[in-house]
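# A look at the structure
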Amino acid sequence: MPTLAISVKDLSKKYGERMAVSHANFEVPLGTVCGFVGPNGSGKTTTMRMLLGLISPTGGSGTILGEPINHPERYLSRVGAMIEGPAFYPALSGAENLRVLATLGGFDTDQIQALLDRVGLGDRANSKYKTYSLGMKQRLGIAAALLPNPQLLMLDEPTNGLDPAGIQEIRELLKTLATEGTTVFISSHLLSEIEMISDSLVMLRKGKVIFAGKTQDLLMRQQPVIIAKCADPQDTLKLLSLGQGAGHDGSVIDGAVHILASAEWAATLNKLAFDAGITLSQLSPVLPSLEETFFEMTGDDE
Ligand code: ATP
């Protein structure tokens, strides 16, 4: 039995002179949720298309559920995918659309109502697809990807264009699927949308993997900051030097002192300021989001 759902080694795809994906290396263990993150155009869709055997790599190799990606017929029956938005018949209902796909794919049609219930579309099963909201369309796409009862679910930007409530619904759904044992590989250009549900992250930038590892490990790279403002702006530099004197790096941004230190150290800073006769009008420990940490690591301002 393989223990990895996905493994790629030096996987590359060149379009003309452009490397859309360049020597990508990463692994996704079975039974986990892996977020696949990167700005638009960084190569996420291209990678997913290679993993699904839709296009051939120009270099490197990969396996899906233990089978090589140049033999997609050996694993595709165990993989559910939604790439570049689902395509459905607008005039058919959600249930009818799934029935067409199940019949074409040779999947069990008895499961359709249960699948619609599972993605939260049970009560709209018989409404025409064209009346669905964007979130409902995405959820129907996930239901379609679940038709083969897949071991691995690959979703390309399933939260694209959704409002926060829709994003939350997709998150909950994926979390449930993961606890039931489905491996989920989900791409997004917004790390903040999937960081909470991802056990691991693969980050792409300009076709290159810039981070592949546990979400927890990225979390540990987050540098907590204490932001403090002086009641008298003339004390600002004095406060900064108090922080620096105690061994913490810092700077002044928009009139506020930013000191790199853990939240607990805020009490010490407060006391140092008080002893120096400085009154603080603001003192807030802040943990930057993973997104900010990511951009800091990559120097990416897209
Ligand atoms: P998005 O979120 O916008 O879809 P992405 O991260 O999925 O972005 P890709 O769609 O994989 O990125 O594109 C990666 C790069 O490869 C882009 O520069 C894109 O223009 C290029 N590319 C993708 N498909 C082709 C193609 N068929 N022919 C030529 N270039 C392509």
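The coordinates are above.
Anyway, here's the lowdown on the structure attached to this text. These figures come from a predicted structure and were not determined experimentally.

Quick notes on the rules
- Residues numbered from 1 in each chain as written.
- Predicted model: local features only at pLDDT ≥ 70, side-chain atom pairs only at ≥ 80, totals over all residues.
- Heavy atoms only, no water.
- Near = heavy atom within 4 Å.
- Polar contact = N/O pair within 3.5 Å; in protein donor to acceptor, adjacent residues only side chain to side chain.
- Areas by Shrake-Rupley, 256 points an atom, 1.4 Å probe, with all protein chains shown as cover.
- Helix = DSSP H or I, 4+ residues; strand = E, 2+ residues; numbered from the N terminus.
- Nonpolar A, V, L, I, M, F, W, Y, C, P; charged D, E, K, R; others polar.
- Pairing = 2+ DSSP bridges.
- Contact = heavy atoms within 4.5 Å.
- Axes fitted to C-alpha atoms, helices over the stretch in contact; angles between N-to-C directions.
- Salt bridge = Lys/Arg side-chain N within 4 Å of Asp/Glu carboxyl O.
- Buried < 20%, exposed > 50% of the residue type's maximum accessible area, 1.4 Å probe, protein only.
- Expected span 1.5 Å × (residues − 1).
- Arc of directions from axis to C-beta.

What follows concerns the site of the ligand. Every residue close to the ligand is listed here: Y15, R18, A20, P39, N40, G41, S42, G43, K44, T45, T46 and E157. Within the backbone of G41, one N or O atom sits 2.6 Å away from an oxygen atom of the ligand. Look at the ligand: alone it shows 630 Å² of surface, and the protein chains cover 60% of it. Of all the secondary structure elements, the ones that give two or more residues to the shell around the ligand are β2 (18-29) and α1 (44-51). A total of three residues in the shell around the ligand trace back to one element, the largest contributor, which is α1. The class makeup of the residues in the shell around the ligand is three nonpolar, six polar and three charged.

Attention shifts here to the sheet that holds strand β5 (residues 67-68). Judged by pairing direction, the sheet is antiparallel, and its four strands sit side by side in the order β2-β1-β4-β5 without closing on themselves. Lying at the two open borders of the sheet, with one neighbouring strand each, are β2 and β5. Packed onto the sheet, α1 meets β1 (4-15), β2 and β4 (59-64) and runs at close to 115° relative to β1.

Bringing the pattern of salt bridges into the picture now. One pass over the full model with this rule turns up six salt bridges. Across the salt bridge formed by E172 and K175, the nearest N and O atoms sit 3.7 Å from each other. Taken together, the positions of E172 and K175, both in helix α5 (residues 164-179) and three residues apart, correspond to about one turn of that helix. Between K271 and D275 there is a salt bridge; the shortest N-O distance is 3.0 Å. Of this pair, K271 and D275 both sit in helix α9 (residues 265-275), four residues apart, which is roughly one turn of the helix. For K271, a relative accessible area of 52% translates into the label exposed. Overall, the relative accessible area of 54% leaves D275 in the exposed class.

This brings us to α5. With 16 residues, α5 ought to run about 22 Å at 1.5 Å a step, and its terminal C-alpha atoms sit 23 Å apart, in line with that. The set of residues buried in α5 consists of G166, I167, I170, R171, L173, L174, L177 and A178. One face of α5 carries all of its buried residues, which in axial projection span an arc of 165°. Facing away from the buried surface of α5 by more than 90 degrees, the exposed residues are P164 and T179. Those residues of α5 that are buried are in contact with β3 (33-37), α3 (112-118), α4 (134-146), β7 (152-156), β8 (183-188) and α6 (191-194). Looking one or two residues beyond α5, the residue adopting positive phi is G181, at roughly 105°.

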